Structures are given as structure tokens and as C-alpha cells.
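Understanding the architecture of this molecule
Each chain, letter by letter, is given below.
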Number of protein chains: 2
Amino acid sequence: MSTERFSLNQATIKKADLAATIDHAVAAGVRSVGLWRDRVAEVGLAEAASRLSDSGLRFSSLCRGGFVTDPATADEQWKENLLALDETAALAEAGAPGSAPVLVLVVGGLPPGDRDLAGARERVREGLHRLAPEARARGVRLALEPMNPIFCADRGVVVTLGQALDLVADLDPQTGGVVVDTYHVWWDPEVLPMIERAGAEGRIASYQVCDWLTPLPEGALLGRGLPGTGHIDFASLTRAVEATGYQGDIEIEVFHQQVWDAPFASVVEDCVSSFDRVIAPHLATSRA
Amino acid sequence: MSTERFSLNQATIKKADLAATIDHAVAAGVRSVGLWRDRVAEVGLAEAASRLSDSGLRFSSLCRGGFVTDPATADEQWKENLLALDETAALAEAGAPGSAPVLVLVVGGLPPGDRDLAGARERVREGLHRLAPEARARGVRLALEPMNPIFCADRGVVVTLGQALDLVADLDPQTGGVVVDTYHVWWDPEVLPMIERAGAEGRIASYQVCDWLTPLPEGALLGRGLPGTGHIDFASLTRAVEATGYQGDIEIEVFHQQVWDAPFASVVEDCVSSFDRVIAPHLATSRA
């Protein structure tokens with residue numbers, strides 16, 4: 001079917017635990033899931049991997065590592081990032097063939113009281129290069145996620161695909177990739193050439209889709225809707241990603257209170273329908 | 001004094017009418033104001049110009065023209081933009097020596113139900129080029145304002161300084177300029193080289209300063225604070241603008257409910273103090 005490449009990012013049904021996420025995905029005929037560390041931790045990595053393996057689902061990414069901008073938490077985050085790499089490797093191993101050992105990196109914002117944006121960005125470069133050998137040793141791909149500038153101060157100082165590509169340029173492509181998330185990059189006048197560049201440089205580790213809604217809710221984090229409910233043109237973005245030869249899963253990752261409050265089965269059904277209607281028509285390839 | 005180049009943008013004391021804005025500026029020793037069309041319209045252009053002339057204040061800009069992205073409102077906006085040009089010319093003439101005939105352009109977002117961002121941006125180019133001869137004939141400078149991508153869908157499809165410079169590149173610099181507004185451009189990895197480029201191309205028509213606050217309030221419009229209250233590094237941005245040779249006024253334009261609710265005199269005093277403390281130390285030149 002035309003949703004063969006759809007992956008359900010667990011955050012879209014945020015209140016569901018790992019078992020419920022897997023069960024609802026399977027029940028809806030979904031073939032792949034993107035998981036979150038907190039939900040994996042609830043059951044433990046071994047149990048999570050076992051459940052994933054039993055489900056027959058692919059694993060498309062783990063959210064998330066990163067948070068390398070604040071020197072005050074660097075030691076603690078280093079340990080967390082190593083754990084996240086271990087988890088990513090184990091889950092990708094447990095997932096069905098076609099699973100991707102991708103760890104999504106949210107790099108972090110400005111440390112409290114700090115206005116040195118260039119300095120924070122330099123720490124991202126250093127953090128990536130420090131983490132890269134650990135990722136490579138585990139066969140895991142770091143997926144640097146440029147974030148919408150709305151989050152620049154408090155969540156992610158890397159804000160464009162071009163900037164992300166520059167930051168991973170020294171890493172081998174199988175270790176240092178980028179996430180193309182429509183919510184974060186749709187506004188960028190350079191997004192289409194930068195997607196092309198990301199493809200040419202072999203960097204696209206994940207393609208995530210969700211829509212930009214207006215008006216933005218307070219705090220701005222929860223203004224993400226199902227594809228087709230907002231302002232983003234998924235045709236041009238999806239075609240650009242496809243034109244690079246990207247053949248991986250495509251996650252729907254939605255943060256929205258009403259979506260989170262709805263019954264899980266209904267949300268998963270809406271995701272499948274949204275993918276089928278808004279994303280699938282622009283896909284060049286379908287998965288075997 | 002070190003706030004010689006400070007201009008009070010009227011929106012910072014949004015509830016004040018034109019007379020109150022002028023009176024409070026004069027009382028606080030402020031030398032320049034940026035005005036808004038609605039407040040000018042309340043008293044009529046002739047009266048507004050007369051009051052401005054009597055005050056001895058400089059005029060630094062008029063907010064705002066633009067809104068050229070929606071074909072459904074194009075005719076109506078064309079007339080509004082011509083009126084705005086007339087107003088800008090008259091107010092700059094009425095202001096003290098050093099006044100700037102600058103009309104700030106907010107270009108508009110995606111038309112309702114429309115997801116063709118590239119098309120909307122093309123209409124900005126067309127709209128600018130259509131308006132340029134009218135501006136030139138009146139001696140007015142169009143100041144294209146790139147806006148934070150947070151507003152891309154509903155307010156301004158031009159989101160980076162580089163994109164704005166490309167859009168005005170065919171116009172003579174005295175007709176087609178850009179606004180450097182810290183709130184809108186601070187996050188851009190290319191902001192410093194693009195400020196340098198804007199200077200080299202003679203395009204900086206206005207420098208506006210306000211801070212980025214977190215968490216963002218609902219709707220995101222009112223998350224603008226006085227310089228020094230948020231996350232923006234005004235040192236690097238102000239120095240970059242100064243390094244281009246920009247010698248114009250520098251507006252503080254803050255949108256924030258608590259600021260709007262405070263007594264006018266207290267807000268103006270806070271602006272002067274903020275400018276003196278956060279902006280003035282980085283100025284290369286002071287006005288005669």
C-alpha cells in the first residue's frame with residue numbers, strides 16, 4: 001500500500017507507552033516506528049528491543065540525544081548520549097529489516113543567561129566530533145536536526161539545513177547525517193537547494209513530516225499538526241527529498257495537545273490517512 | 001548624551017496616541033520617533049506633520065506598508081501603499097534635520113488556504129518593483145523587513161536578510177533598502193556577513209532593536225522585550241551595523257503586553273536606559 005514507508009513517531013501519541021505504541025501501529029498496518037528514550041526506559045532496553053522484535057516493525061529513529069551547548073551539563077549529557085547510542089544500536093538490531101540506526105540530535109539552546117550564540121554553535125561542532133567515534137563504533141548514525149529558529153534560544157541553536165550540513169561536513173556520511181523535518185525547515189528560502197545538497201553529500205538520515213499551524217500556541221512547542229492541516233507545501237519538500245534518492249522511512253511526528261488527547265487508534269488512523277493523501281502521492285519509490 | 005541616536009518607535013507605547021507619544025518623547029529628552037499609520041490617521045496627516053514639526057523631533061520611519069502577497073487584496077493594498085508613501089514623505093519633511101523618509105514594509109504571509117510559498121515570494125518581488133517608481137517620485141525609501149520565520153505563514157514570507165537583499169537588488173539603494181531588526185534576524189547563522197553585505201550594497205534603511213524572550217506567549221507576536229531582557233547579543237549585531245557606516249537612528253520597537261500596560265513615561269524612561277546600557281556602548285558614531 002502507499003503508506004508502506006510511513007513510520008509512526010511515538011511522540012504523536014505521546015500518552016501511549018511503548019507497548020501501546022507498538023500494538024496500535026501493528027493493528028493499523030503500520031510498518032515502522034520512531035521511538036523516544038523515556039518510553040524505552042520505562043520498560044528497559046532489553047524488553048523494548050524484544051517487544052519491537054516480536055512486532056515485526058521496523059525502527060526508524062530514536063529521539064533523542066544531543067544537548068551539547070551547556071558546559072554545566074556536559075558531563076551528564078555525555079553519559080546520556082552514550083546510553084542513547086547503545087539504545088539506538090540495540091533497537092535498530094531488533095527492528096525488522098530496513099531498520100535505521102539513527103539517533104536524532106537536538107543540540108540545545110543558549111545556556112541560562114548566555115547570549116553567545118556563536119560560542120554555543122561552536123560547542124555543537126565540538127560535541128558532534130567528540131560523539132562521532134562512539135557512534136561509529138556502535139554502527140549508529142548521528143542525525144543532526146536543524147530546528148525552526150523559533151527554538152533557537154531555548155532548544156536548538158542549529159537552525160538551517162545548510163548550517164547542519166556544514167557542521168557534519170568533516171564526519172563520514174554514515175556517522176554524521178541530518179534530519180529533514182518539514183516543521184523546522186519549510187520557511188527557509190534555501191531549503192530546496194539544501195535538500196539537494198544534503199542528498200548529494202549522502203547526509204539525509206531521516207525525513208520527518210508535520211505541518212505548521214497558526215496561530216501558534218503559547219510556548220510554540222505544540223503548534224505541529226498532521227500533514228495537510230497547516231501551511232506547509234509537502235509536495236515540493238517531499239519531491240525534493242525523493243529526488244535525492246532517499247528511500248528510508250518517513251516519520252509523522254506531531255506535537256499537538258488535541259492530537260495527544262485523542263484516542264490512540266484514531267490518531268494512528270488519521271496519520272495513515274494523512275500520509276496516504278499528502279505525502280504518498282509525491283514519493284518516487286516505495287519500499288519492498 | 002549617549003542616547004542621541006535612540007528613536008522611540010511608537011508601537012512600544014502602543015496605547016499612546018500621537019500627541020502623547022510626541023509629548024513623552026520630548027519630556028524624556030528623546031530626539032527621534034518612529035510612527036505608525038493608524039496613530040497618524042487618527043489626527044490626520046497635516047495635523048500629525050504639524051505636531052511633529054513643532055516638537056523638534058526627528059522622524060525615523062513609518063510603519064508600515066507592504067502586504068503584497070495576497071492577490072485578493074492587491075488593489076486595496078496598492079492604494080494603501082500609495083497613501084503610506086505620501087505620509088512618509090510628509091512626515092520626513094516635517095521632522096527635524098536628520099529625519100529619514102523610510103517606509104517599513106511588512107510583506108504579508110501566505111494567502112488563506114495557499115501553500116505556494118515560492119509564489120508568494122515572487123509576488124513580493126513584483127510588488128516591490130511596482131511600488132518603487134512611486135517611492136522614488138516621492139523621495140521615499142522602501143525598507144523591506146525580513147521577519148523571523150515564526151511569522152512566515154501569516155505575516156512575512158521574507159525571512160532572511162540575504163533574501164531581502166536579493167529582492168531589492170535591482171532597485172537603486174536610495175529607493176530599495178532593508179530593515180535590520182534584531183528580533184527578526186538574530187538567529188540567522190549568516191546574519192553578520194549579511195549585515196556587512198547590506199552595508200556594502202548601501203541598503204540599511206533602518207536598524208531596530210528589541211529582544212527575544214522565552215517562553216513565547218501565545219500567537220508569538222508579543223514576545224519582544226526591551227534590549228537586555230532576553231537572549232539576543234546586541235553587541236555583535238550593533239557593532240556589525242555600525243561597521244557598515246550606518247549613522248541613522250536606532251529604534252526600540254517592543255511588542256509586549258506588560259510594556260504596553262505600563263505608564264508611558266516609565267516605558268520611555270526604560271527605553272532610554274536600555275539603549276544607554278545595551279546599545280550605546282557599541283556605537284561607533286554619535287549624531288551631531
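Report follows, based on the coordinates. (Residues numbered from 1 in each chain as written. Chains lettered and ligands numbered in written order. Predicted model: local features only at pLDDT ≥ 70, side-chain atom pairs only at ≥ 80, totals over all residues.)

Residues and elements named next belong to chain B. Among all positions of helix 1 (residues 18-27), only Leu18, Thr21, Ile22, His24 and Ala25 are buried. For helix 1, the secondary structure elements touched by its buried residues are strand 1 (6-9), strand 2 (32-36), helix 2 (37-43), helix 3 (45-55) and helix 11 (264-279). Looking at the residues trailing helix 1, positive phi occurs at glycine 29, about 80°. (Buried ≥ 20, exposed ≤ 12 C-beta atoms within 10 Å, placed from the backbone. Helix = DSSP H or I, 4+ residues; strand = E, 2+ residues; numbered from the N terminus. Contact = placed C-beta atoms within 7 Å.)

Bringing the packing of helix 4 (residues 74-94) of chain B against helix 5 (residues 117-138) of chain B into the picture now. All names here are of chain B. Direction vectors running N to C along helix 4 and helix 5 enclose 25°, while the axes themselves pass 10 Å from each other. Considered as vectors, helix 4 and helix 5 are oriented roughly parallel to each other. Helix 4 and helix 5 meet at a crossing whose hand is right-handed. For the pair helix 4 and helix 5, the contacting residues are Asn81, Leu82, Leu85, Asp86 and Ala89 in the first and Leu131, Glu134, Ala135 and Arg138 in the second. Looking at the contact of helix 4 with helix 5 residue by residue, the class counts come to five nonpolar, one polar and three charged. (Axes fitted to C-alpha atoms, helices over the stretch in contact; angles between N-to-C directions. Parallel < 35°, antiparallel > 145°, perpendicular 65-115°, else oblique. Left-handed = near helix turned anticlockwise from the far one by under 90°. Nonpolar A, V, L, I, M, F, W, Y, C, P; charged D, E, K, R; others polar.)

To continue, consider the pairing of strand 6 (residues 176-181) of chain B. Remark: a regular strand shows side chains that alternate across the two faces of the sheet. Residues and elements named next belong to chain B. The element strand 6 is largely enclosed, with a buried count of six among its six residues. Of the two faces of strand 6, the one lined by Gly176, Val178 and Val180 and the one lined by Gly177, Val179 and Asp181 are each fully buried. Bridging between strand 5 (residues 141-144) and strand 6 involves three bridges; their strand directions are parallel. Looking at the pairing, leucine 142 lines up with glycine 176 of strand 6. Read as a crossover between parallel neighbours, the route from strand 5 over helix 6 (residues 161-168) to strand 6 is right-handed. As defined by bridge partners, strand 6 adjoins strand 7 (residues 204-209) across four bridges and the pair is classed as parallel. (Pairing = 2+ DSSP bridges. Right-handed = clockwise from strand over helix to strand, strands pointing away.)

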